[in-house]
Amino acid sequence: MSSEPRPRDPQCLFCRIVAGEIPADVVAEDEQALAFRDLEPQAPLHVLVVPRAHYPDIGTLAHGDPDALVGVARLAAKVAADENGGQFRFVFNSGRQAHQSVFHAHGHVLGGRDMTWPPG
Ligand code: AMP
């Protein structure tokens, strides 16, 4: 693992959840990532998985810390295995047009109901 300090933005909501400054319903965590329930669930299972490090979206995360992106995917799969037999949709909104509202990379783990396609 790198000895560089992890990037952090003190104004960022999800950095503050990672730091324990704002409460969240945490369901899983490891060295790279934290998983907590979405405040406005869109499915019976709706958990956000965020890297501990601050990157604004999945693209900057992939370039800046690919190991952390793998860690996010691994933790998402664990949450889905624990709570929904391993089935899940994994959504990364990237940019305002794609409905991103929190600019700290996060994947939505969605499950527990039949999903439609195409997504809205
Ligand atoms: P996005 O629109 O992809 O950026 O997703 C941001 C998500 O964060 C939304 O689904 C919100 O409901 C969720 N959210 C916002 N604030 C919190 C919070 N304090 N704890 C948990 N989820 C949150």
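Values in this document were obtained by computation on a predicted structure and should not be read as measured data. Here the residue numbers are simple positions, counted from 1 along each chain's written sequence. In keeping with the model being predicted, local features are shown solely for residues with a pLDDT of at least 70 and side-chain atom pairs are shown and tallied solely at 80 or more, while totals for entire chains, interfaces and linings include all residues. Heavy atoms from the whole structure form the basis of all side-chain values; hydrogens and water molecules are not counted.

**Q** Please clarify how the overall build of the protein chain should be interpreted in this entry.
**A** The helix and strand tally for the protein chain stands at three helices and five strands. The N-to-C order of helical and strand elements in the protein chain reads α-β-β-β-α-α-β-β. Compactness check: the protein chain gives a C-alpha radius of gyration of 14 Å against a globular reference of 14 Å for 120 residues, within 12% of the reference. Taken along its principal axes, the extent of the C-alpha atoms in the protein chain is 40 × 30 × 25 Å. For the exposure calls, accessible area comes from a 1.4 Å probe over protein chains only, and a residue counts as buried if that area is under 20% of its type's maximum, exposed if over 50%, partly exposed in between. The proportion of buried residues among the 120 residues of the protein chain is 36%. Every residue pair with non-hydrogen atoms within 4.5 Å of one another is taken to be in contact. Taking as baseline every contact in the protein chain between residues at least 6 positions apart, the subset at least 24 positions apart corresponds to 52%. In this description, accessible areas are obtained by the Shrake-Rupley approach with a 1.4 Å probe, and a residue is regarded as covered only by the protein chains that are shown. Counting every atom, the protein chain has about 7200 Å² of accessible surface; 52% of that belongs to carbon and sulfur. For the purpose of charge, His is not counted, nor are the chain termini; Lys and Arg are scored as positive and Asp and Glu as negative. Where a charge sits is defined by one atom per residue type, namely NZ (Lys), CZ (Arg), CG (Asp) or CD (Glu). Separation between the mean location of the 10 positive side-chain charges and that of the 15 negative ones in the protein chain comes to 2 Å. Helix and strand definitions follow DSSP, with helices as H or I runs of at least four residues and strands as E runs of at least two, each counted in order from the N terminus. Using C-alpha atoms as the atom set, the radius of gyration is obtained and then compared with a globule rule of 2.2 Å times the number of residues to the power 0.38.

**Q** Hey, could you run me through the nonpolar core in this one?
**A** One broad trend across soluble globular proteins is that nonpolar side chains are buried collectively. Core analysis: the largest hydrophobic core is formed by 11 residues, namely A28, A33, A35, L45, V47, V49, V72, L75, A76, V79 and V109. Elements supplying a minimum of two residues to this core: strand 2 (33-37), strand 3 (45-51) and helix 3 (66-84). Top element by residues in this core is helix 3. It accounts for four residues. Filtering out sequence-adjacent residues up to four positions away, V47 remains in contact with V27, A35, F36, R37, D38, V79, G107, H108 and V109. To qualify as a nonpolar core, a set must consist of buried Ala, Val, Leu, Ile, Met, Phe, Trp, Tyr and Cys residues joined through side-chain atoms within 4.5 Å.

**Q** Is there a simple way to explain helix 3 in this structure?
**A** Here a helix's expected span is defined as the number of its residues, less one, multiplied by 1.5 Å. An ideal rise of 1.5 Å per residue puts 27 Å on 19 residues; helix 3 measures up with 26 Å between its terminal C-alpha atoms. Listed as buried for helix 3 are A68, G71, V72, L75, A76, V79 and A80. On its buried face, helix 3 is in contact with strand 1 (26-29), strand 2, strand 3, helix 2 (58-64), strand 4 (89-91) and strand 5 (107-111). Immediately beyond the C-terminal end of helix 3, within one or two residues, lies G85, with a positive phi of roughly 60°.

**Q** What is the right way to read the packing of aromatic side chains from this model?
**A** Aromatic ring pairs are reported here in terms of the distance separating the ring centres and the angle at which the planes meet. Stacked, edge-to-face and tilted are the three classes for Phe, Tyr and Trp ring pairs, Trp counted by its six-membered ring, which pair at centre distances within 6.5 Å; planes under 30 degrees apart are stacked, over 60 edge-to-face, the rest tilted. Counted according to the given criterion, the structure contains three aromatic pairs. Both rings, one in F14 and one in F36, keep their centres 5.4 Å apart while their planes meet at 75°; by these two values the pair is edge-to-face. Of the two residues, F14 sits in helix 1 (residues 13-18) while F36 sits in strand 2, which places them 22 residues apart along the sequence. Relative to F92, the ring of F90 lies with its centre 4.9 Å away and its plane at 70°, an arrangement referred to as edge-to-face. One aromatic cluster is present, built from ring pairs that chain together F88, F90 and F92.

**Q** Is there a simple way to think about the site of the ligand in this case?
**A** Taken together, 16 residues lie near the ligand, and D38, N93, H99, S101 and H108 sit nearest. At 3.0 Å from an oxygen atom of the ligand is found a side-chain nitrogen or oxygen belonging to H106. Protein chains shield 85% of the accessible area of the ligand, which is 510 Å² for the free molecule. Those elements giving two or more residues to the shell around the ligand turn out to be helix 1 and strand 2. Among the elements that line the shell around the ligand, the one with the most residues is helix 1, at three residues. By the convention adopted, Pro, Cys, Tyr, Trp, Phe, Met, Ile, Leu, Val and Ala count as nonpolar, Lys, Arg, Asp and Glu as charged, and the other residues, Gly among them, as polar. Across the shell around the ligand, the residue classes break down as seven nonpolar, six polar and three charged. Definition of nearness: a residue and a molecule or strand are near each other if at least one heavy atom of the residue lies within 4 Å of the molecule or strand. Under the rule applied, a polar contact is a pair of N or O atoms within 3.5 Å (in protein, one hydrogen donor and one hydrogen acceptor; residues adjacent in sequence only if both atoms are side-chain atoms).

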